[in-house]
Amino acid sequence: ETGVTQSPTHLIKTRGQQVTLRCSSQSGHNTVSWYQQALGQGPQFIFQYYREEENGRGNFPPRFSGLQFPNYSSELNVNALELDDSALYLCASSPPPGTSSNEQYFGPGTRLTVT
Amino acid sequence: SQELEQSPQSLIVQEGKNLTINCTSSKTLYGLYWYKQKYGEGLIFLMMLQKGGEEKSHEKITAKLDEKKQQSSLHITASQPSHAGIYLCGADQNLVGGGAQKLVFGQGTRLTINP
């Protein structure tokens, strides 16, 4: 198991509502990336936070937003939920650039269902 | 944008048999990652390849990156039930900015091992 935790594990929301997902990165990691994985597909990059600022964004609309806190934990917020937002949301933390490992450590994910 | 295509999409093999999964990129690969995922769970890092011609092995799993750096293969020798799961290849999109890699993934290969 990695040291990355996510909450909640599962979530059911109604179309139009807003949701906040949380991620605690592994100790010493200052970068958090968020991915969306639809059923039967590979994960898609949403955005990345590095030193509390957004550092790269995938092809997702502005209603997907995030935050990173001084302790490097992160939140993913999705407004005006749509049915297609139903997916497994994964966060991954990474050590500071220049360290020996290039690996991203993934959390167990949050399963979001929008009805 | 970069795209990764995995083949086959699903694979059923008898325990003890060898198997190969391929990952083909639409662009030159700057870093190729292999992950394993159990259904609905987070991703487990297997291996990372960077140099054309590079080959890495861990236990019974070997990954290669071809010389032209646009294709990778994952080979499992003498498969076991513990190898069952979804295998994903991911590539660093080499976007500008610091922080960590922003990965694009293939759609995954679902591997089933029959006793």
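Read on for a plain summary of the structure. Computed from a predicted model, the values in this text were never measured in an experiment.

Some points on the overall build of chain B
Okay, so step 1: Looking only at helices and strands, one finds 0 helices and 11 strands in chain B.
Okay, so step 2: At 14 Å, chain B has a C-alpha radius of gyration in line with the 13 Å of a compact globule built from 115 residues.
Okay, so step 3: In terms of overall dimensions, chain B has C-alpha extents of about 45 × 30 × 20 Å along its principal axes.
Okay, so step 4: Scored against the burial criterion, the 115 residues of chain B give a buried share of 46%.
Okay, so step 5: Long-range contacts, defined as pairs at least 24 residues apart, comprise 54% of the intrachain contacts of chain B with a sequence gap of at least 6.
Okay, so step 6: Averaging the coordinates of the 12 positive side-chain charges in chain B and doing the same for the 10 negative ones gives two points 1 Å apart.

What about the pattern of salt bridges?
Okay, so step 1: A full pass over the atoms with the stated rule returns 6 salt bridges over all chains.
Okay, so step 2: For Glu-82 of chain A, the salt bridge goes to Arg-63 of chain A, with nearest N and O atoms at 3.3 Å. Within this pair, whereas Glu-82 of chain A is found in the loop between strand 8 (74-78) and strand 9 (87-94), its partner Arg-63 of chain A is found in the loop between strand 6 (53-57) and strand 7 (64-68), the two being separated by 19 residues in sequence.
Okay, so step 3: On the basis of relative accessibility, which here comes to 39%, the residue Glu-82 of chain A falls in the partly exposed class.
Okay, so step 4: Relative accessible area serves as the criterion here: at 16%, Arg-63 of chain A is assigned to the buried category.
Okay, so step 5: Put simply, Glu-54 of chain B and Lys-56 of chain B hold a salt bridge, and the shortest N to O gap is 3.7 Å.

Some points on the environment of Thr-9 of chain A
Okay, so step 1: Among the structural elements, Thr-9 of chain A can be located in the loop between strand 1 (5-7) and strand 2 (10-13).
Okay, so step 2: Apart from residues no more than four positions distant in its own chain, Thr-9 of chain A is found in contact with Gly-109, Thr-110 and Arg-111 of chain A.

Here's the deal with the environment of Leu-43 of chain B
Okay, so step 1: Looking at the element boundaries, Leu-43 of chain B is found in strand 5 (residues 43-49).
Okay, so step 2: Since its relative accessible area comes to 4%, Leu-43 of chain B is described here as buried.
Okay, so step 3: Between the alpha carbons of Leu-43 of chain B and Gln-9 of chain B there is a distance of 18 Å; along the sequence they are 34 residues apart.
Okay, so step 4: Discounting chain neighbours no more than four positions away, the residues touching Leu-43 of chain B are Pro-43, Leu-90, Phe-106 and Gly-107 of chain A together with Tyr-35, Lys-36, Gln-37, Leu-88 and Phe-105 of chain B.

So, the sheet that holds strand 1 of chain A
Residue and element names in this part refer to chain A.
Okay, so step 1: Read across the open sheet, the 4 strands follow the order 1-3-8-7; overall the sheet is antiparallel. Where the open sheet ends on each side, the last strands, each with one partner, are strand 1 and strand 7. This sheet shows a mean twist of 20° between the axes of neighbouring strands, independent of strand direction.

Comments concerning the packing of aromatic side chains
All names here are of chain B.
Okay, so step 1: Summed over the entire model, instances satisfying the criterion amount to 10 aromatic pairs over all chains.
Okay, so step 2: Geometrically, the ring pair formed by Tyr-35 and Phe-45 is edge-to-face, given 5.9 Å between the ring centres and 75° between the ring planes. Here the residue Tyr-35 occupies a position in strand 4 (residues 32-37), and Phe-45 occupies one in strand 5, the gap between them amounting to 10 residues.
Okay, so step 3: When its relative accessible area of 0% is taken as the criterion, Tyr-35 is described as buried.
Okay, so step 4: Note on Phe-45: relative accessible area 25%, which makes it partly exposed.

Quick look at the nonpolar core
Okay, so step 1: Ranked by internal contacts, the top residues of the largest apolar core, which has 23 residues, are Leu-19, Leu-32, Trp-34, Leu-74 and Leu-111 of chain B.
Okay, so step 2: Elements with a minimum of two residues in this core: strand 2 (10-14), strand 3 (19-25), strand 4, strand 5, strand 7 (61-65), strand 8 (71-76), strand 9 (85-92) and strand 11 (109-114) of chain B.
Okay, so step 3: Once residues within four sequence positions are removed from consideration, Leu-19 of chain B is found in contact with Leu-11, Val-13, Leu-74, His-75, Ile-76, Ser-79, Leu-111 and Ile-113 of chain B.
Okay, so step 4: Core analysis: the second largest hydrophobic core is formed by 20 residues, Val-4, Ile-46, Phe-47 and Ala-87 of chain A among them.

Thoughts on the interface of chain B and chain A
The extent of an interface is frequently quoted as the accessible surface area lost upon association of the parts.
Okay, so step 1: Contacts between the two partners involve 23 residues from chain B and, on the opposite side, 25 residues from chain A.
Okay, so step 2: In total, chain B and chain A occlude about 1,700 Å² of area from one another, counting both sides; carbon and sulfur atoms represent 54% of this.
Okay, so step 3: Our enumeration of links across chain B and chain A arrives at 0 salt bridges.
Okay, so step 4: The interface formed by chain B and chain A holds 4 residue pairs in polar contact (both at pLDDT 80 or more) in total.
Okay, so step 5: Of all the secondary-structure elements, those providing two or more residues to the side of chain B that touches chain A are strand 4, strand 5 and strand 10 (103-105) of chain B.

Thresholds applied
Residues numbered from 1 in each chain as written. Chains lettered and ligands numbered in written order. Predicted model: local features only at pLDDT ≥ 70, side-chain atom pairs only at ≥ 80, totals over all residues. Heavy atoms only, no water. Helix = DSSP H or I, 4+ residues; strand = E, 2+ residues; numbered from the N terminus. Rg over C-alpha atoms; globule rule 2.2 N^0.38 Å. Buried < 20%, exposed > 50% of the residue type's maximum accessible area, 1.4 Å probe, protein only. Contact = heavy atoms within 4.5 Å. Lys, Arg positive; Asp, Glu negative; His and termini not counted. Charge placed at Lys NZ, Arg CZ, Asp CG, Glu CD. Salt bridge = Lys/Arg side-chain N within 4 Å of Asp/Glu carboxyl O. Pairing = 2+ DSSP bridges. Axes fitted to C-alpha atoms, helices over the stretch in contact; angles between N-to-C directions. Phe/Tyr/Trp six-rings, centres within 6.5 Å; stacked < 30°, edge-to-face > 60°. Core = buried A, V, L, I, M, F, W, Y, C linked by side-chain atoms within 4.5 Å. Buried area = accessible area lost by both parts, 1.4 Å probe. Polar contact = N/O pair within 3.5 Å; in protein donor to acceptor, adjacent residues only side chain to side chain.

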